[in-house]
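Residue-level structural notes
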Amino acid sequence: NANLSTVDPEVAAAVAEERKRQQNTLEMIASENFAPVGVLEAQGSVLTNKYAEGYPGRRYYGGCEHVDVTEKLAIERAKELFGAEYANVQPHSGAQANASAMVALLEPGDTILGLDLAHGGHLTHGMKINFSGKLYNVVPYHVDKETGQIDMAEVEKLAREHKPKLIIGGWSAYPRQLDFAEFRRIADAVDAKLMVDMAHFAGLVAAGLHPSPVPHADVVTTTTHKTLGGPRGGIILARKELAKKLNSAVFPGQQGGPLEHVIAAKAVALKIAASEEFRERQQRVLDGAKTLAARLSHPDCVSAGVRVLTGGTDVHLVLVDLVNSTLDGQQAEDRLHSIGITVNRNAVPFDPRPPMVTSGLRIGTPALATRGFGADDFAEIADIIAAALRPDFDDATQQELRGRVELLAEKHPLYADLP
Ligand code: PLP
């Protein structure tokens, strides 16, 4: 029963270093967050030992009386938080939530309509070498070249032309809200089902700061680790009529034993997400993203070839277009990394550069808001990023900016009390 550092010093050292990295740098990857200690504790608990195939009250294993409690709490909290009739909290990840939902709604060979990966969609919305692209006939829709916003006229045109069985709304890299009612109208017009993947913006929905897809969609999927701030995992929400199909699509359709330690951690995260403190935090997420978008739209950024896609944001992220900059996405990511800010490069729609390089950055505010960043801190980080993307960036600038990043990290300590 030795602890980690005794039984495996190499793994213990890497974990300790990763903790230091998280503490000493500023995390602005839009899909990441910092799970609260209570979530880490549940996820690191003895529940990891338990097999519990089936669902609460109907398990294929004995000894499930306690994991039934935690799974039921997670289900009830998910339903309550999002106003859904049905919740399945077992998907191991967002990708598996989507795979299960699609198995429940489709037959292989059916046509699906999803946002093109190159325009901000997710792999599971129809990428060629993903299961979704292999199993289904994929028709991608796009953003408009001028506005950068999803072209709902094209969605309708493609839907009428291809008569999909399923239309998917949702994105991994898109800075605006979707028109769920319009998606519903189009789906109804062609007798398609509507699935919304709110993986990215679920935390904003939970806080009431983003329209909810739940009243409009047949099925809503999400991850639990992005804006929602919980453990890595997935959830499916739906109307009651689809409960049986979705339950059997998850287990035994896609998965075996559920990760009950993760499900307990989901329950904790969902409880936190219903709190006033969480709502206030999501407000800082949104305000911070708006501050960043405004700063990167300033003339000193525009003259450096930096452009904010769609001209702003109404979610937790900003997409930066570097097509006219001397920096490509990789160089910009590396430059920010060199001053202690972690972001990811991201293809912009109609990107002239290859996917491993890209001409864009995706920059998110959820992790910093969780760290406690307020308006002044977001103004400071926006200024630091603007300075880092300028052509006159040199060693002295790098040192200066790195110092300012360190001050922000020290001002907002992370996991200080973690054993
Ligand atoms: N759906 C969307 C929209 C996503 O952005 C992601 C992850 O980036 C996923 C699903 C998949 O989640 P996971 O990485 O947990 O499989």
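The rules we used
- Residues numbered from 1 in each chain as written.
- Predicted model: local features only at pLDDT ≥ 70, side-chain atom pairs only at ≥ 80, totals over all residues.
- UniProt positions renumbered as here; feature names shortened; annotations may be inferred.
- Helix = DSSP H or I, 4+ residues; strand = E, 2+ residues; numbered from the N terminus.
- Rg over C-alpha atoms; globule rule 2.2 N^0.38 Å.
- Buried ≥ 20, exposed ≤ 12 C-beta atoms within 10 Å, placed from the backbone.
- Contact = placed C-beta atoms within 7 Å.
- Near = placed C-beta within 6 Å.
- Nonpolar A, V, L, I, M, F, W, Y, C, P; charged D, E, K, R; others polar.
- Expected span 1.5 Å × (residues − 1).
- Pairing = 2+ DSSP bridges.
- Axes fitted to C-alpha atoms, helices over the stretch in contact; angles between N-to-C directions.
- Left-handed = near helix turned anticlockwise from the far one by under 90°.
- Arc of directions from axis to C-beta.

If you check an unreviewed UniProt entry, the protein chain appears there as Serine hydroxymethyltransferase from Amycolatopsis cihanbeyliensis. UniProt lists a comment for the protein chain under the heading Catalytic activity (unreviewed entry), and it reads "(6R)-5,10-methylene-5,6,7,8-tetrahydrofolate + glycine + H2O = (6S)-5,6,7,8-tetrahydrofolate + L-serine".

**Quick word on the overall build of the protein chain**
Counting its regular elements, the protein chain contains 17 helices and 15 strands. For the protein chain, the C-alpha radius of gyration of 22 Å lies close to 22 Å, the compact-globule estimate for 419 residues. C-alpha atoms of the protein chain, sized along the principal axes, occupy 65 × 60 × 35 Å. When the 419 residues of the protein chain are sorted by exposure, 50% land in the buried category. Within the protein chain, residue pairs in contact and separated by at least 24 positions form 72% of the contacts whose partners lie at least 6 positions apart.

**What to know about the site of the ligand**
In the region of the ligand, 15 residues are neighbours, and S93, G94, A95, S172 and A199 sit closest. Sort the elements by how many residues they give to the shell around the ligand and helix 5 (residues 94-105) lands first, with three residues. The residue inventory of the shell around the ligand, partitioned by class, reads three nonpolar, eleven polar and one charged.

**A few points about helix 11 (residues 260-273)**
With 14 residues, helix 11 should reach 20 Å at 1.5 Å per residue; the first-to-last C-alpha distance of 20 Å fits that figure. Of all 14 residues making up helix 11, 13 are buried, and the element is well covered by its neighbours.

**Some words on the sheet that holds strand 15 (residues 360-364)**
Sheet architecture is open: four strands sit in the order 11-12-15-14, paired in antiparallel fashion. One side of each edge strand has no neighbouring strand; the edge strands of this open sheet are strand 11 (307-308) and strand 14 (344-345). The pairing of strand 14 with strand 15 spans two bridges and is antiparallel. If you follow N344 over to strand 15, its bridge partner there is R362. Each of strand 11, strand 12 (317-321) and strand 15 touches helix 12 (residues 276-296); the most contacted strand, strand 12, lies at about 20° to it.

**So, the environment of K240**
Assignment of secondary structure puts K240 in the loop between strand 10 (234-238) and helix 10 (243-254). Each C-alpha atom, one on K240 and one on A87, is 9.0 Å from the other, the two residues being 153 residues apart in sequence. K240 has contacts with E85 and Y86, leaving out every residue within four places of it along the chain.

**Here's the deal with the packing of helix 4 (residues 65-82) against helix 11**
Where helix 4 contacts helix 11, the axes come no closer than 8 Å and their chain directions differ by 35°. Crossing of helix 4 over helix 11 shows left-handed handedness. Contact with helix 4, carried on its side by V67, T70, E71, L73, A74, R77, A78 and L81, involves E260, I263, A264, K266, A267, L270, K271 and A273 of helix 11 and no other residues of that element. Taken together, the residues of the contact of helix 4 with helix 11 break down into ten nonpolar, one polar and five charged.

**Some points on the UniProt feature "binding site: (6S)-5,6,7,8-tetrahydrofolate" (unreviewed entry) in the protein chain**
On the UniProt side, "binding site: (6S)-5,6,7,8-tetrahydrofolate" (unreviewed entry) is annotated at positions that read L117, G121, H122 and L123 here. Judged by the 21 C-beta atoms lying within 10 Å of it, L117 falls in the buried class. Residues contacting L117, with those up to four places away along its chain left out, are L123 and M127. Overall, H122 belongs to the buried group, with 23 C-beta atoms counted inside 10 Å.

**Some words on the environment of L317**
The topology assignment puts L317 in strand 12. Since 29 C-beta atoms lie within 10 Å of it, L317 is described here as buried. With 49 residues separating them along the chain, L317 and P366 place their C-alpha atoms 8.4 Å apart. Ignoring any residue separated from it by four or fewer positions in sequence, one finds L317 in contact with A30, P175, A289, R362, I363 and G364.

**Focus on the pairing of strand 5 (residues 111-115)**
Most of strand 5 sits inside the fold, with four of its five residues counted as buried. Sheet analysis places strand 5 next to strand 7 (residues 166-170), joined by two bridges and oriented parallel. Among the inter-strand pairings, L113 is bridged to a residue of strand 7, identified as I167.

**Regarding unusual backbone geometry**
At the junction of F251 and P252, the peptide bond is cis and its omega measures out at 10° in the coordinates. Note that P252 resides in helix 10. Of note, F350 is a non-glycine position whose phi angle comes to about 60°, a positive value. Mapped onto the elements, F350 comes out in the loop between strand 14 and strand 15. Overall, the presence of 14 C-beta atoms within 10 Å leaves F350 in the partly exposed class.

**Examining helix 8 (residues 180-189)**
For the α-helix, the turn length of 3.6 residues means that residues three or four positions removed from each other point alike. Residues of helix 8 that are buried: F180, F183, I186 and A187. The buried residues of helix 8 all sit within an arc of 125° when viewed along its axis, so they share a single face. Facing away from the buried surface of helix 8 by more than 90 degrees, the exposed residues are A181, D188 and A189. A positive phi of about 60° marks D191, the residue just after helix 8.

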